[in-house]
Amino acid sequence: MLTGLMGNSAIMAAIGLGMIALTACAFRLRRSCGAVTWLVILLGMALTFDNMAVAVGRMVGFGDLLYAINLPRFWIHGLMTPLIVVAAAVLAWRLGVRWSRPVVVVGAVLVAALVVVGIVECFVALELTPATDGDALRYANAAAAGPPVPALGTVLILIAIGMTAWRQVRSLWLLLGSVTMLVTAAAGTSVLWLGNFGELVLYASIVATMFQVAAAESRSAADGTNNRLESGRAAAQSMTVRS
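Basis of the calculations
- Residues numbered from 1 in each chain as written.
- Predicted model: local features only at pLDDT ≥ 70, side-chain atom pairs only at ≥ 80, totals over all residues.
- Heavy atoms only, no water.
- Salt bridge = Lys/Arg side-chain N within 4 Å of Asp/Glu carboxyl O.
- Helix = DSSP H or I, 4+ residues; strand = E, 2+ residues; numbered from the N terminus.
- Buried < 20%, exposed > 50% of the residue type's maximum accessible area, 1.4 Å probe, protein only.
- Polar contact = N/O pair within 3.5 Å; in protein donor to acceptor, adjacent residues only side chain to side chain.
- Contact = heavy atoms within 4.5 Å.

Q: Would you mind showing me how to read the pattern of salt bridges here?
A: Here the idea is simple: oppositely charged side chains can pair when their charged atoms come close. Applying the stated criterion across every chain, the model contains 4 salt bridges. A salt bridge links Glu 217 to Arg 94, with the shortest nitrogen-to-oxygen separation between them at 3.2 Å. Linking Glu 217 in helix α11 (residues 192–242) with Arg 94 in helix α7 (residues 83–95), this pair joins segments that are 123 residues apart in sequence. The partly exposed category is assigned to Glu 217, whose relative accessible area is 33%. Between Arg 138 and Asp 133 there is a salt bridge, and its shortest N-O distance comes to 2.7 Å. Exposure remark for Asp 133: the relative accessible area of 22% places this residue in the partly exposed category.

Take a look at the structure:
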């Protein structure tokens, strides 16, 4: 119904604008969340481009220009999607989630393997052909067989991270976002924009986790200030008693 009302191109543009807004929110949290913020911002810019590349297809039309616009979309999904795991894991760690060393090693190996698979899909098994979805014009990978492995593997790892975050620190955002991504990705095979909407929800859950990290940092700083004030008062009282 929404597709008939707005059209796929407008929906993809709206999702892209949502990505821009969330990326701006992530940028504002850079001081509280540290270096991982720049990875989250990079991911937000990549996802924005992915949506806008499809949104402008109707205006550009099939040809070399639209082909060149669409090609980086597959690099983004193949190479950068697994990096979402890194961002989510760092933010969960900042909230207090802890994993054993074997789990960290296995996770790192899985992420590296997903990146390698993404490279193969991007540079070996890539055959772009014109595709029309409603009013949206884009190029799709005709060589793709089955679900994209990097994206599916990333979502499953994110669900594991989200479950751990909920169990250890009662943070629900990552779990909600990753489960939503899994459901919408499956439905996205029949409705173009559903998978992209799932990416928007997933990215929103990462930014929401950043807000939790920022709030925890603020509380920690306030507690530290209070502890120093109490120590100062105790020292002053001790000196008064001695005098």
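After presenting the structure, the write-up continues.
Q: Hey, could you run me through the side chain of Thr 23 in this one?
A: Considering the arrangement of structural elements, one finds Thr 23 in helix α2 (residues 8–28). For Thr 23, a relative accessible area of 11% gives the class buried. One polar contact links the side chain of Thr 23 to the main-chain carbonyl oxygen of Met 19, over a distance of 2.7 Å. Discounting residues that sit within four places of it in the chain, Thr 23 has contacts with Ile 41, Gly 44, Met 45, Thr 48 and Tyr 203.

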